[in-house]
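What follows is each chain in one-letter form.
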Number of protein chains: 2
Amino acid sequence: MKSFSYYNPVRILFGCKQKYIANILKADGHSKILLVYGKDSVKKSGLYDEILKLLKDADIKFIEHSGVSSNPTLLHAREGVQKTKGVTAILAVGGGSVIDESKAIAAAAASECDVWELYEGKEPTDALDLYVILTISATGSEMNSGTVLTNEETKEKLSFNSPLVYPKVSIINPALTLTLPKEYLIYSAVDIITHVAEVYFTAEEHPKIQNRFCENIIKSVIKTTDELLKNPDNINARGEFALCATWALNNLTSLGVGEYSFPNHMIEHSLSAIYNVPHGAGLAVVLPAWLKWFYKNTKNPQVKRFAKKIFNEKDAKEGINAFEKWLQKIGAPTTLKELGIANGDIEKIAENVDFVSHRWGLKQKYPYESIKKILKLMK
Amino acid sequence: MKSFSYYNPVRILFGCKQKYIANILKADGHSKILLVYGKDSVKKSGLYDEILKLLKDADIKFIEHSGVSSNPTLLHAREGVQKTKGVTAILAVGGGSVIDESKAIAAAAASECDVWELYEGKEPTDALDLYVILTISATGSEMNSGTVLTNEETKEKLSFNSPLVYPKVSIINPALTLTLPKEYLIYSAVDIITHVAEVYFTAEEHPKIQNRFCENIIKSVIKTTDELLKNPDNINARGEFALCATWALNNLTSLGVGEYSFPNHMIEHSLSAIYNVPHGAGLAVVLPAWLKWFYKNTKNPQVKRFAKKIFNEKDAKEGINAFEKWLQKIGAPTTLKELGIANGDIEKIAENVDFVSHRWGLKQKYPYESIKKILKLMK
């Protein structure tokens, strides 16, 4: 086991608790907030009206910042910062994209710097308090200190981490995910599995307790996704799925494993930066291809263990095939073609990955030629 | 899945980091602290001298409060409170007993009330900041908000919980446990398993992800204990064992399971309140007996699952037998006789359990006659 430091002060309220949000904001001394959300779904579901009533009843002033896209963008985040005069907190109502953009606004507004500087390495000095009402369980952003943003001009999708942007309170109500379109459930499942897989496959060390913890989450995601595709109203499965999403990226999977990296996210971020494909859809294409390349080049025993523990296959390659078949079964894309990306674009993508890979600290491990090989496995 | 609220702001530094403690205290603004520890072991190991040097070099004044016993007592905690004038923080150097007594002192000193009032239900209003250097991994107190104390006069061993007594920072250095006497390793193993077992068997609901999480910890404890009895210097096993201890009682096992209770701890606390037996030794006697009684009376399917998942036994009773045999194999007591408690004392113990059971909210579930039946299974 490697040394580690763990600190995660997010308060999670899991269950039907969104009605408490106004009281919580008030108790924490906030009288004017920025309300951040995406597009129409929170209005259609009635959640928007519910929150507005709660805020008004509690006499909390708010400025709206809507229209966050599923790959949140720098220009939109900058617009959000412009609206924060007199605001002491942000209420993010949505999934990972809304939370990530809210983190960007929270840090840039309080640190008095440009949003993109933070993604380029500048440490934030302060952040507005962040509160979350989660409507899509996938990215784990509700219980971590990371945020991802796309710079539309430079086609860079970058991230930063700071303990200052941990949400104060995240309300996770699985009932809010009951109306989620089927494809978002599928993309979310792939995102969660990939978060676990990055640690599981790339870590320096693999303490057994951490291996089993990772396998537990992957198994639960597979099981609950299968259940929810049959019966979307299964609230228990929604709950377990939501818990998996939160646990998959709140640092618990990585305790004691030493260094690890996010190669699949690095490659996928280029896909979504260039083609604006949904993150989970991109990952479904990247992960099986990366796994094939990774096993061929490293013979890492974790791949064989994955095959055995998750799909009861003796052989590593059979395990990867079983995973790919499961992705196809649930309706996830597994080829670039299905994402609408032409074969001829591989060099363009590889160049983008190569361009950002130094920011991920993965330049040496993933040189241009390796990236191209991985991309070729995706067709 | 049931609703839950989760909040755990403890900062864990895992690895060889005790040298940072003085810097951390200083950065947090503390210039005078109470140094709480047990008996000779921290002096023998050299840890005491190391810490004194660190504190002196950082110009942090300290008052010593030593002699915490393995079942910490009210009188000793009250003496600690008397020493807190001008003190803003407590540094607990030891295992669960030292941390628990430190929590008692921290809360009573800052809330200006008697220590025992807190264990009788009074809410603390404040607490001194608490810092921990852990030397025995067992109780999980380094990452939770609970504390247990024994009132020697009334023979009551009670607990309280308050978010105010979460440690600010806990340094867990598995290397410090290398010199732990063998019997403490064994008692610690039983304590960790019982923490998990209480939730695993008594919870209202059993989400699969939580079941597997609990089984993961129990399996790791069994495996690492077996390894450490053969080779006490296995630092990887020490690390995994330490992680199990922390995870077993920091609320993670209980997310979404609804109500659960601590019947084994309730019964054992009477054993140690009356006979001052080590907590883990008492639990080794109580848990198999309770499991037999529990399965006979409830046929709860979790017992069968435990048998299958942990010991690969089809039958619930065979699973309990396998567990009892494992306890005997590692050298844990499994009878009252081995604890030096006479058969004739059963009524006296049952009366004590009956006396405190209302405080545990378990009076109805565990009436006097049931307690007697469980105790009779311990001979």
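Predicted, not measured: the structure shown is a model, and the values here were computed from it.

Caption draft 1: Structural view of the overall build of chain A. Of the regular secondary structure elements, chain A holds 15 helices and nine strands. Relative to its length of 379 residues, chain A is compact, with a C-alpha radius of gyration of 20 Å against a globular reference of 21 Å. By its C-alpha atoms, chain A is 60 × 45 × 40 Å across when sized along the principal axes. Counting only residues that meet the buried cut, chain A has 54% of its 379 residues in that class. Partitioning the intrachain contacts of chain A with sequence separation of at least 6 by distance along the chain shows that 79% fall at a separation of at least 24.

Caption draft 2: Representation of the confidence of the model for chain A within the structure. For chain A, per-residue confidence averages 96 on the pLDDT scale, and residues scoring 70 or more make up 100% of the total. Among the scores for the predicted complex, ipTM is 0.94 and pTM is 0.95.

Caption draft 3: Layout of the relation of the copies chain B and chain A. Rotating chain B by 180° about the axis while translating it 0.0 Å along that axis superimposes it on chain A, leaving an RMSD of 0.0 Å. As the rotation angle and translation indicate, the two copies are arranged about a two-fold axis. Rotation axis and chain B: the residue whose C-alpha lies nearest the axis is B:P9, separated from it by 2.1 Å.

Caption draft 4: Structural view of the packing of helix α4 (residues 74-82) of chain B against helix α5 (residues 96-111) of chain B. Residues and elements named next belong to chain B. Between α4 and α5, the least distance of the axes is 9 Å, while the angle of their chain directions is 50°. One element, α4, and the other, α5, form an angle in the oblique class. In terms of crossing hand, the pair formed by α4 and α5 is right-handed. Across the interface between the two elements, H76, A77, G80 and V81 of α4 pack against E101, A104, I105, A108 and A109 of α5.

Caption draft 5: Quick look at the sheet that holds strand β2 (residues 11-14) of chain B. Pairing is mixed across the open sheet formed by seven strands, whose spatial order is β1(A)-β2(B)-β9(B)-β6(B)-β5(B)-β3(B)-β4(B). Of all strands in the sheet, those with a lone pairing partner are β1 (4-6) of chain A together with β4 (61-65) of chain B, marking the two edges. Averaged over all neighbouring strand pairs, the angle between strand axes comes to 15°, with direction disregarded. Relative to strand β5 (residues 89-94) of chain B, α5(B) is tilted by about 165°, and along the sheet it contacts β3 (32-37), β5 and β6 (129-134) of chain B.

Caption draft 6: Fine view of the domain arrangement of chain A. Residues and elements named next belong to chain A. Assigned domains of chain A: these are domain 1 (11-176) and domain 2 (180-376). Measuring from the centre of the C-alpha atoms in domain 1 to the corresponding centre in domain 2 gives 26 Å. The partner domain 2 presents 28 residues to the 18 residues of domain 1 that form the contact. Of all the elements, strand β8 (residues 156-161) adds the most residues to the side of domain 1 that touches domain 2, at three residues. Here the side of domain 1 that touches domain 2 is composed, by residue class, of seven nonpolar, seven polar and four charged.

Caption draft 7: Spatial organisation of the interface of chain B and chain A. Contact with chain B, which involves 28 residues of that partner, is made by 28 residues of chain A. Among the elements of the structure, β1 (4-6), β2, α8 (208-230) and α9 (235-248) of chain B are those that each provide at least two residues to the side of chain B that touches chain A. Per-element tally for the side of chain B that touches chain A: the top contributor is α8(B), with six residues. Split by residue class, the side of chain B that touches chain A holds 15 nonpolar, eight polar and five charged. The sheet contact formed by strand β2 (residues 11-14) of chain A and β1(B) spans three bridges and is antiparallel. Within the sheet, the bridge partner assigned to A:I12 lies in β1(B) and is B:Y6.

Caption draft 8: Just the environment of B:V68, in detail. Residue and element names in this part refer to chain B. By the secondary structure assignment, V68 is in the loop between β4 and α4. The spatial distance from the C-alpha of V68 to the C-alpha of G38 is 4.3 Å, given a sequence separation of 30 residues. Not counting chain neighbours up to four residues away, the residues in contact with V68 comprise V36, Y37, G38, H76, G94, S97, V98 and E101.

Caption draft 9: Quick peek at the pairing of strand β6 (residues 129-134) of chain A. Residue and element names in this part refer to chain A. Of all six residues in β6, five are buried; the element is thus mostly enclosed. As paired strands, strand β5 (residues 89-94) and β6 are joined by six bridges and run parallel to one another. Counterpart to A92 in the pairing with β6 is V132.

Caption draft 10: Seen up close, the sheet that holds strand β9 (residues 169-172) of chain A. Strand order in the open sheet formed by seven strands is β4(A)-β3(A)-β5(A)-β6(A)-β9(A)-β2(A)-β1(B), and the pairing between neighbours is mixed. A single partner strand is all that each edge strand has here, and the edge strands are β4 (61-65) of chain A together with β1 of chain B. For this sheet, the mean angle separating the axes of adjacent strands, direction not counted, is 15°. Summarising the sheet, β6(A) and β9(A) pair through four bridges and their orientation is parallel.

Procedures and definitions
Throughout this description, residue numbers start from 1 for each chain and increase along the sequence as written. Chains carry letters from A onward and ligands carry numbers from 1 onward, assigned in written order. Predicted model: local features are reported for residues with pLDDT of at least 70 only, side-chain atom pairs are reported and counted for 80 or more only, and whole-chain, interface and lining totals are derived from all residues. Working definition: helices are DSSP H or I runs of at least four residues, strands are E runs of at least two. Numbering for both runs from the N terminus. For the radius of gyration, the atom set is restricted to C-alpha positions; the globular benchmark scales as 2.2 Å times the number of residues to the power 0.38. Three exposure classes are used, all based on how many other C-beta atoms lie within 10 Å of a residue's own C-beta (placed from the backbone): buried at 20 or more, exposed at 12 or fewer, and partly exposed between those limits. Whether two residues are in contact is decided by their C-beta atoms, placed from the backbone, lying within 7 Å. As a per-residue measure, pLDDT reflects the predictor's confidence and takes values from 0 up to 100. Superposing the copies works by least squares over the C-alpha atoms of residues that have pLDDT at least 70 in both of them. The axes used here are C-alpha line fits, helices contributing only the stretch in contact, and every angle between their N-to-C directions lies in the interval 0 to 180 degrees. In this scheme, roughly parallel covers angles under 35 degrees and roughly antiparallel covers those over 145, while 65 to 115 is roughly perpendicular and the rest are oblique. By convention the crossing between two helices is left-handed if the near helix lies anticlockwise of the far one by an angle smaller than a right angle, and right-handed if it lies clockwise. Criterion used throughout: strands pair if DSSP finds at least two bridges between them. All the domain ranges listed were derived from an automatic or database domain assignment. For this classification, the nonpolar set comprises Ala, Val, Leu, Ile, Met, Phe, Trp, Tyr, Cys and Pro, the charged set comprises Asp, Glu, Lys and Arg, and every other residue, Gly included, is treated as polar.

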